[in-house]
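Chain by chain, the residues run as shown.
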Amino acid sequence: MSESFQAVTFHDLSGTSELPSELFKRTEADLSFFIERVAPIIEAVRTEGDAALLRFAQELDGVTTPEMSIMAEDAEFATAFERLDPQVVESIRFAVENVRAFHEAQKPEDMWMKEIRPGAYAGDRHVPIDSVACYVPRGKGSFPSVLLMTTIPAVVAGVKRAIVITPPGPDGKVDDATLVAARLVGITEVYKCGGAQGVAAVAFGTETVPKCLKIVGPGSPWVVAAKRQLSNLIDPGIPAGPSESLILADDSVDGALAALDLIIESEHGPDSSAYLVTSSRRVAEEAIAALPGYWAQIGEKRAGFSQAVLCGTHGGVVLTEDFIAAVEFVNHYAPEHLEILAEEPMAVMGKIRNAGEILLGNYTPITLGNFVLGPNAVLPTNGAAKTVGPLSVFDYMKRISVGYVTREGYQPLADKAHAFALYEGFPGHALAVSPLRTELLNKKGQ
């Protein structure tokens, strides 16, 4: 191995209580480069529809077949089931069951109401949205797990029309596992359009791709930039950009184990972010020593991605002054994925305020959360976990406030509302709860 291959970025903060701001920057923080370049792609899709999607499939996705159907056909689904390894099919079924069970438990009751005052009731009604596009990336691999995480809560919520958009491969097809996953979930519409052009397609609608109210799912900076540009036309969902993770480790941890889990999100791509954060110099040194051996086992492509992250400016090992500072680093960073490797992980969890997900202990690596555990693995990135939670059933539903006041409960509320209305200068509001209302109702015997 070359020296550069082993040069893991090491941030020694053990002699200071300050946290350098550059450690908290993500690759998606500055989208100016992408914002400028997605504009013509978006405009082409708006004006040309399907023709632009087919052209971009060749120019941007490398599709070589001259004829490509934008919508996946029934025969493609059937072929996918025939070709896919039965063990993979069974793993997808297993994941579907777990992810569905989690989101069914998460789903709120259709409506609740509470008697706020005698005869005055208020509550919420939960209603699914009409349509959603679930984005499944493909540029650095195939991700049927993302299809499960984005579509299952939509189905559980009762969305009327849930579709999938995903980039086509060079053969103009969707990868087999993604098609199998779609069918096992109950999704029948899969469209071959990714990147900025895919986002534009569901924002405007084309001859083939339906216009949708919302788009969910992670994507490259190109996808993030397009979502931002089109947010006035389509709800962009939770911010889900390039992958990021923090492994928080105390002195009880084997550094080699911490390094093993540091590999997970760093292998997604060079635009990912991944840090091991610890107050133990031993853990830090053991992790750094173990990484090259792991890179040697995961193949040149993924090792290259992981090395680019962990030896670059958006990843590596952070050694803090003490464990309190390590926890402070986590809360300030607000990671997409947080793994807590500690002697008492539950106790540490109580100190964490900001994270997309928290995975506890030596037997809960991010891998399980990404694929089969059940909670949603589409998580807020770029620090958004400070205010936003994971993708959930609630993202596919809207709340409608409900109020109901009886004849007996009306007058006490009307008197107070009348005073508010006059103070704020709304005589029409006041008139509606004045004695005139009572007179009109009494005429009707109500």
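Report on the accompanying structure. Just so it is clear, the model here is predicted, and its values are computed rather than measured. (Residues numbered from 1 in each chain as written. Predicted model: local features only at pLDDT ≥ 70, side-chain atom pairs only at ≥ 80, totals over all residues. Heavy atoms only, no water.)

### Things to note about the overall build of the protein chain
Condition: Helix and strand definitions here come from DSSP, where helices need a minimum of 4 consecutive H or I residues and strands a minimum of 2 consecutive E residues; each element is numbered from the N-terminal end. Working rule for contacts: check all heavy atoms of both residues, and any pair within 4.5 Å makes them a contact. The Shrake-Rupley method, run with a 1.4 Å probe sphere, supplies the accessible areas, and residue values consider only the shown protein chains as cover. Just so you know, the count uses Lys and Arg for positive and Asp and Glu for negative, and it drops His and the chain ends. For this purpose, a charge sits on NZ of Lys, CZ of Arg, CG of Asp or CD of Glu.
A tally of regular secondary structure across the protein chain gives 18 helices and 13 strands. In terms of overall dimensions, the protein chain has a C-alpha envelope of 90 × 60 × 45 Å along the principal axes. In the protein chain, of all internal contacts separated by at least 6 residues, the share reaching a separation of at least 24 is 76%. For the protein chain, the accessible surface area stands at approximately 20700 Å², while carbon and sulfur atoms represent 55% of it. Here the protein chain contributes 37 positively and 56 negatively charged side chains, and the mean placements of these two sets differ by 11 Å.

### Here we look at the packing of helix α5 (residues 86–106) against helix α7 (residues 176–185)
Definition in use: Orientation is described by lines fitted to C-alpha atoms, with helices fitted over the stretch in contact, and by angles between N-to-C directions that extend from 0 to 180 degrees. Each angle gets one of four labels, with under 35 degrees taken as roughly parallel, over 145 as roughly antiparallel, 65 to 115 as roughly perpendicular, and the rest as oblique. Take the far helix as the reference: if the near one is turned anticlockwise from it by less than a right angle, the crossing is left-handed, and if turned clockwise, right-handed. When residues are grouped by polarity, Ala, Val, Leu, Ile, Met, Phe, Trp, Tyr, Cys and Pro land in nonpolar, Asp, Glu, Lys and Arg in charged, and all others, Gly among them, in polar.
Remark: α5 packs on α7, axes separated minimally by 10 Å, with the N-to-C direction vectors making an angle of 45 degrees. By the angle class used here, α5 and α7 are oblique. In the packing of α5 onto α7, the handedness of the crossing is right-handed. On the side of α5, the interface is formed by Val89, Ile92, Arg93, Val96 and Arg100, while α7 contributes Ala177, Val180, Ala181, Leu184 and Val185. In terms of residue class, the contact of α5 with α7 is made up of eight nonpolar, no polar and two charged.

### So, the sheet that holds strand β10 (residues 315–320)
This is how it is decided: DSSP-based pairing: two strands are paired if at least 2 bridges between them are found.
With parallel pairing, six strands are arranged side by side in an open sheet as β1-β10-β9-β8-β11-β12. Because the sheet does not close on itself, it has two edges, and the strands there are β1 (10–13) and β12 (357–360). For this sheet the average axis-to-axis angle between neighbouring strands, irrespective of direction, equals 20 degrees. Across the sheet, helix α13 (residues 323–333) touches β8 (244–249), β9 (273–278), β10 and β11 (337–341), and the angle it forms with β8 is around 165 degrees.

### Quick look at the state of the cysteines
We count it as follows: Cysteine sulfur atoms that pair up within 2.5 Å are treated as a disulfide.
Counting across every chain of the model gives zero disulfides. A disulfide-free cysteine, cysteine 212 has its sulfur positioned 8.6 Å from the sulfur of cysteine 134, the nearest such atom.

### Observations concerning the pattern of salt bridges
Which entries qualify depends on this criterion: One speaks of a salt bridge when a side-chain nitrogen belonging to Lys or Arg is within 4 Å of a carboxyl oxygen belonging to Asp or Glu. Each residue is assigned to one of three classes by its accessible area relative to the maximum for its type, calculated with a 1.4 Å probe on protein chains only: buried under 20%, partly exposed between the two thresholds, exposed over 50%.
For the structure shown, the criterion picks out 15 salt bridges. Salt-bridge contacts for lysine 160 lead to aspartate 130; the nearest nitrogen and oxygen are separated by 3.9 Å. Here the residue lysine 160 occupies a position in the loop between α6 (144–157) and β5 (161–166), and aspartate 130 occupies one in the loop between β3 (120–128) and β4 (131–135), the gap between them amounting to 30 residues. A relative accessible area of 71% means that lysine 160 is categorised as exposed. Here arginine 282 makes a salt bridge to glutamate 286, at a shortest N to O gap of 3.0 Å. With arginine 282 and glutamate 286 both in helix α11 (residues 281–295) and four residues apart, the pair spans about one turn of that helix. The class of arginine 282 is partly exposed, set by a relative accessible area of 33%. What emerges from the salt-bridge pattern is a single network uniting Glu48, Arg55 and Glu59.

### Focus: α6
Applied cut-off: Helices are assigned an expected span. That span is 1.5 Å times one less than the residue count.
Counted at 1.5 Å a residue, the expected span for α6 with its 14 residues is 20 Å, and the 20 Å between its end C-alpha atoms agrees. Burial of α6 is extensive: 13 of the 14 residues sit out of reach of the surface. Looking one or two residues past α6, glycine 158 carries a phi angle of roughly 95 degrees, positive in sign.

### Thoughts on the sheet that holds strand β6 (residues 190–192)
In space, the four strands of this open sheet follow the order β6-β5-β4-β7, with parallel pairing throughout. Sheet topology places β6 and β7 (215–216) at the edges, where each strand pairs with a single neighbour. The sheet contact formed by β5 and β6 spans three bridges and is parallel. By the bridge assignment, valine 164 is partnered in β6 with valine 190.

### Quick notes on unusual backbone geometry
Of note, the phi angle at alanine 334 is positive, near 55 degrees, even though the residue is not glycine. Mapped onto the elements of the fold, alanine 334 is located in the loop between α13 and β11. Backbone geometry places asparagine 382, a non-glycine residue, at a positive phi of 55 degrees. Among the structural elements, asparagine 382 can be located in the loop between α15 (366–371) and β13 (397–405).

### Here we look at the environment of valine 405
Inspection of the secondary structure assignment puts valine 405 in strand β13. Sequence separation between valine 405 and leucine 60 is 345 residues; the distance between their C-alpha atoms is 58 Å. With residues up to four places along the chain from it excluded, the contact list for valine 405 reads Gly119, Ala120, Tyr410 and Leu413.

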